[in-house]
Amino acid sequence: MPTRKNNELPLDIYIPFVQTLFRDSTTLAVGFVAQILLIVLVYLNTRDSIYLALALSMAVVALVRLRSVRKWARAPSPANRREAEERERIYLTYGALHGFMLGLFCFLTIYWSHDYFGEIAAICVTLASATSIAGRNYGSPRMVMVFIMTMTWPISVGLIMRGDMFHVILGLLSIPFFFAIRKFADNVREVLFAALWEEKKANRLAQRFDRALNTMRSGLIMLSPEGKVVVANAEAAALMQVRKPERLLGRTLRGLLMRGVAGGLLSLKDSRYAEAQLTRALREGRDRKVLLQLGNGRYFEFSAREGHDELGVITFDEVTARIEAEERIRFMARYDSLTGLPNRAYFHELVSEHVSGGDKTRHVALAIFDLDDFKSVNDTLGHPVGDGLIYAVAERLNRFGHEDVKISRFGGDEFMIFFNDVREPDCFAGVLDGIFRELNGDVDVAGHALRIQASAGAVLTTAGSADVDAMIVRADLALYKAKEDGKNGWKLFEAVMDQAFRNRQVMKADLRQAVESRALRVVYQPIVSMETMRISSCEALCRWDHPEIGPISPAVFIPLAEEMGIISEITTFMLDAATLECAKWPEPIGVSVNLSAKDFRNDDIMGKIRTALERSELAPGRLEIEVTETALLDDKSQTREYIEKIKSQGVRIALDDFGTGYSSLSYLHTLPLDKVKIDRSFLNDVTRSPRSLELLRGIVNLSRPLGLAVTIEGVETFEQLKILALDVKPDLVQGFLFGSALTASGIETMSNMTWPFAQQISASTTRSNA
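First, a word on what this report is: a plain description of the structure on this page. Residues take numbers from 1 onward in each chain, read along the sequence in its written order. Given that this is a predicted model, residues contribute local features only at a pLDDT of at least 70 and side-chain atom pairs are listed and counted only at 80 or more, while totals for whole chains, interfaces and linings are drawn from all residues. Values reported for side chains reflect all heavy atoms of the structure, with hydrogen atoms and water molecules removed beforehand.

## Brief notes about the overall build of the chain
Per the secondary structure count, the chain includes 27 helices and 21 strands. Partly exposed residues are those whose accessible area sits between 20% and 50% of the maximum for their type, while under 20% is buried and over 50% is exposed, using a 1.4 Å probe and protein chains only. Taken over 770 residues, the chain has a buried fraction of 46%. By definition in these notes, contact holds between two residues if any of their heavy atoms fall within 4.5 Å. Counting contacts in the chain only where the partners sit at least 6 residues apart, residues at least 24 apart contribute 64% of the total. Within the structure as shown, the chain displays about 39,500 Å² of accessible surface, and the carbon and sulfur contribution to it stands at 54%. Strands are runs of DSSP state E lasting at least two residues, helices are runs of H or I lasting at least four, and both sets are numbered from the N terminus onward. In these tables, accessible area is a Shrake-Rupley quantity obtained with a 1.4 Å probe, and a residue counts as shielded only by the protein chains included in the view.

Following this line, the structure appears as structure tokens:
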């Protein structure tokens, strides 16, 4: 607690102390009247004019002091310490005059006039006044000291100046009496100060508690052991739609909840549930939370627990934002963000629930829809347009959704439809046909006219025997079959599809093992010089002899390897084997190796070529790399960069299957190629069609000025070879006319052999020139 000196008192205590000096002017006025009256009585008794003068002086002091007291009693509280100290000085001045007049009165009666009545009157009035010193002036210790000095010292001095022993002793004994009055005043002041200080602390604590209570974001009410509200904050008042928290005091929990029901905030059912749960929590002394949705859509979470002194505490918070966030998270976890359809996981959950319930003998169906060539939309027009197409498909499919038909975006460009009750299985095909008619067609996406085309696979079974994962696998197999049969249609799952799928999976496993163990082999198809009719080069071809099935066509296992992502391992094997064998052949016979699209676009191919050449010690010029038009990129500058990187190692580049793409002529003009291999399709009817012959002649004549060698593939008859020799004159020819693909040793054996029909070709050429 602070010291009691005024100049060190807290301002909010010092100011009230000063204000107490100026209150209750009525009793002060009564005191003045009594004092003046006694002085007048002494004057009448003694007829001494000094008392009359004293009475008049006391009257003047009374008027001045009373006027001052009333003035400052009505004035506003001091604004600062300086104003408070100024008022205390004014009070001290007039109080000192008052005390001095009382002291002078006592001194005159005791020492001056020796009047017995005057002595009694003076002593009585002074003692009466002394009793009020502590009660009126505790607010100013200096005023107490002034009153004691001005009232006690004249009495003591007067008694002592009487001279006799008894008056002297009496004068001395009056001094401790008046000092006792001072001590009493100090005690009163100290007690009052302590009370004010504790009140101040209590008020400050109450203000802090009230501020904390009414600024906290949570609503709070405290219940007495009788179940009535004893504390409530502003948030609770706002929820209950009352202006002040005090209006909630004395109400019961049920009363508050029923008020919410009356105001339309709560249903009666929710009110009873909340009351039961919260009351139980308060009774058991355990925390319990209750989530309620109000009539205005807001969510509040109520918590109840037992507090101190058997008070129950109920708090509540608005959790609307949290609930909405949880709902958004739940939606994001269950639904596709683009289409708003159930995603894979939630669709699986929904289908599982439907399949497990209801009549087990009913038929259920599941269909998978996959957009045809969707990747080309993303690659050519961009992903935003692709997303727009996905959204348009979802809109069309969603028209078929209802309680027993669930639609999902399963991922990418795949959609699933589950039919919970197929009442007429024989008509299920008509249902899917109707969906296809509604789905397929043109749609405008961001100004692009796109055509929706899809393939689908479906499975139909009974609910009792349905397994969701198995249905998805079977529908996927049917989809694969629909894609295999040309797309833009649908297939219903059949048992043979499952067997084909299993066989395909077994073949994949066997192919992987064959690649890892290098069980593949390489054969070489001769490429013959048109001028010498001798082997100029060979094309390396991959063969796979399955230990159980036998030889597997490259048309089967090469696409399978691309699908599995192991085509690069086969390319590495072919490069290593072909360069090692070619190094054993007589020069200048070379070898060509095909690159897949994946290999051509991968920078690792440069390292593989370099490694193969170093291991085999084959001259780089004897190795030729063949790439197809489908492997080339639309970006011709990037394609040229790739080709130049490969050619930087000294190898040659040939464009294989020329004429099967869309930009062949531009490739010849812009890319640094060494050779063009014309596809066999140009040779099919060359013996019958002058148009085909002219086309072949034109391609050869176009290529030679560009410095490109020309190989024509697919030569199978002597007539074809003869026409080529006479009219087209390519550099090289290749085909079954020169035999099937040979082993490496077979190529080595035939390296110096000239084909027997070389003389016939030479003779025909001579006659033509003649």
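Read on, since the account is not over.
## Some details on the pattern of salt bridges
Each reported salt bridge corresponds to a side-chain nitrogen of Lys or Arg within 4 Å of a carboxyl oxygen of Asp or Glu. A complete count under the given rule lists 29 salt bridges for this structure. Note that Arg330 and Glu327 form a salt bridge whose closest N and O atoms lie 2.8 Å from each other. In this pair, Arg330 and Glu327 both sit in helix α11 (residues 320-334), three residues apart, roughly one turn of the helix. Note on Arg330: relative accessible area 37%, which makes it partly exposed. The class for Glu327 is partly exposed, based on a relative accessible area of 44%. One salt bridge connects Lys491 with Asp485, and the closest N-O pair in it is separated by 3.5 Å. Overall, the relative accessible area of 32% leaves Lys491 in the partly exposed class. In the salt-bridge network here, residues are joined through shared partners; they are Lys481, Glu484, Asp485 and Lys491.

## Section: a nonpolar patch on the surface
Residues Leu37, Leu41, Leu44 and Phe117 make up a contiguous nonpolar surface patch of about 350 Å² in total accessible area. A per-element tally of the nonpolar patch places helix α2 (residues 25-46) first, with three residues. When you line up the elements, Leu41 lands in helix α2. Residues form patches when they are more than 30% accessible in relative terms and have no salt bridge. Like charges link within 9 Å. Nonpolar side chains (Val, Leu, Ile, Met, Phe, Trp, Tyr) link within 5 Å.

## Some points on the packing of helix α19 (residues 567-582) against helix α21 (residues 604-616)
Lines fitted to C-alpha atoms define the axes, with helix axes restricted to the stretch in contact, and inter-axis angles between N-to-C directions lie between 0 and 180 degrees. Two numbers describe how α19 lies on α21: the axes approach to 8 Å, and their chain directions differ by 25°. Comparing the axis directions of α19 and α21 gives the class roughly parallel. Here the hand of the crossing between α19 and α21 comes out right-handed. Contacts from Ser568, Thr571, Thr572, Leu575, Asp576, Thr579 and Leu580 of α19 reach α21 at Ile605, Lys608, Ile609, Ala612, Leu613, Arg615 and Ser616. For this classification, Asp, Glu, Lys and Arg are treated as charged, while Ala, Val, Leu, Ile, Met, Phe, Trp, Tyr, Cys and Pro are nonpolar and the rest, including Gly, are polar. Here the residues of the contact of α19 with α21 sort into six nonpolar, five polar and three charged. Should an angle lie under 35 degrees it is considered roughly parallel, over 145 roughly antiparallel, and from 65 to 115 roughly perpendicular; all remaining angles are considered oblique. What makes a crossing left-handed is the near helix being turned counterclockwise from the far one by less than a right angle; a clockwise turn instead makes it right-handed.

## Focus on the layout of surface pockets
Buried and open spaces are told apart on a 1 Å grid over the protein atoms alone, a cavity being a set of points where a 1.4 Å probe fits but cannot get out and a pocket being an open set with protein on both sides within 12 Å along at least five of seven lines. Residues with an atom within 4 Å of a point are the lining residues. Grid points are joined across faces, edges and corners, and a volume is the space filled by probe spheres set on the points. Quantified by volume, the largest pocket comes out at close to 970 Å³. Broken down by secondary-structure element, the contributors of at least two residues to the lining of the largest pocket are β14 (535-546), α18 (554-564), α19, β16 (590-594), α20 (597-600), β17 (623-628) and β18 (652-658). Here the second largest pocket is characterised by a volume of approximately 590 Å³. Lining the second largest pocket are 24 residues, with Tyr480, Lys481, Glu484, Phe501 and Arg504 sitting closest to its centre. Per-element tally for the lining of the second largest pocket: the top contributor is helix α17 (residues 495-516), with nine residues.

## Let's talk about the sheet that holds strand β8 (residues 414-419)
A pair of strands is labelled paired if DSSP reports no fewer than 2 bridges between them. Pairing within the open sheet is mixed, and its five strands lie in the order β7-β8-β6-β11-β12. What marks the edges here is a single partner per strand, and that holds for β7 (405-411) and β12 (490-492). Averaged over all neighbouring strand pairs, the angle between strand axes comes to 15°, with direction disregarded. Sheet strands touched by helix α12 (residues 344-356): β6 (363-371), β7 and β8. Its angle to β7, the strand with the most contacts, is close to 150°. Sheet strands touched by helix α14 (residues 383-398): β6, β7 and β8. Its angle to β8, the strand with the most contacts, is close to 10°.

## As for the packing of aromatic side chains
Ring geometry is summarised as follows: Phe, Tyr and Trp rings, the Trp one being its six-membered ring, pair when their centres sit within 6.5 Å, and such pairs are stacked at plane angles under 30 degrees, edge-to-face over 60 and tilted between the two. For the structure shown, the criterion picks out 11 aromatic pairs. Judged by centre distance (6.3 Å) and plane angle (85°), the ring pair of Tyr51 and Phe105 falls under edge-to-face. Here Tyr51, found in helix α3 (residues 49-74), pairs with Phe105, found in helix α4 (residues 81-112); they are 54 residues apart in sequence, far enough to count as distant. Like Phe105, Tyr51 is buried. Geometrically, the ring pair formed by Phe300 and Phe316 is edge-to-face, given 6.0 Å between the ring centres and 65° between the ring planes. With a gap of 16 residues between them, Phe300 in strand β4 (residues 299-306) and Phe316 in strand β5 (residues 312-318) connect regions that are remote in the sequence. For the residue pair Phe300 and Phe316, the accessibility class agrees, reading buried in each case. Grouping aromatic residues by their ring pairs yields a cluster made of Phe300, Phe302 and Phe316.

## Section: the nonpolar core
Side-chain atoms within 4.5 Å link the members of a nonpolar core, which is a set of buried Ala, Val, Leu, Ile, Met, Phe, Trp, Tyr and Cys residues. Counting residues in each nonpolar core, the largest one holds 82 residues, and the members touching the most others are Tyr524, Leu623, Ile625 and Ile678. At eight residues, the largest contribution of residues to this core is made by α19. Apart from the residues within four sequence positions on either side, Ile678 is in contact with Phe658, Leu696, Ile699, Val700, Val710, Thr711, Ile712 and Glu713.

## Regarding empty space enclosed by the protein
For the coordinates displayed, the defined rule picks out one cavity of 30 Å³ or more. If you add up the space inside the largest cavity, you get close to 200 Å³. Along its surface, the largest cavity is lined by 16 residues, and Leu239, Met240, Leu256, Leu257 and Phe302 are the ones closest to its centre. Those elements that place two or more of their residues in the lining of the largest cavity are α8 (234-239), α9 (253-262) and β5. When residues in the lining of the largest cavity are grouped by element, the largest group, four residues, is from α9.

## Structural notes on the side chain of Arg362
Take Arg362: it is sitting in the loop between α12 and β6. One buried charged side chain, Arg362, makes no salt bridge at all; its nearest oppositely charged neighbour is Asp421, positioned 5.1 Å away. Within 3.5 Å is the distance limit for a polar contact, defined as a pair of N or O atoms, with the added protein rule that one can donate a hydrogen and the other accept it, and that residues adjacent in sequence qualify only through two side-chain atoms. Within the structure, the side chain of Arg362 is placed 2.6 Å from the backbone oxygen of His354, a separation counted as a polar contact. Polar contacts involving the side chain of Arg362 include one to the main-chain carbonyl oxygen of Gly357, which spans 2.8 Å. If we skip the residues at most four places from it in the chain, Arg362 touches His354, Val355, Gly357, Asn420, Asp421, Thr461, Thr462 and Ala463. For this count, His and the chain ends are skipped, Lys and Arg are scored as positive, and Asp and Glu as negative.

## With respect to the pairing of strand β20 (residues 709-713)
Buried residues dominate β20, accounting for four of its five residues. Pairing of strand β19 (residues 675-678) with β20 involves four bridges; the strand directions are parallel. Within β20, the position partnered with Lys675 by the bridge is Ala709. Read from β20 through helix α25 (residues 718-728) to strand β21 (residues 732-734), the crossover connection turns out right-handed. The definition of a right-handed crossover adopted here requires that, viewed with the strands pointing away, the path from the first strand over the helix to the second runs clockwise.

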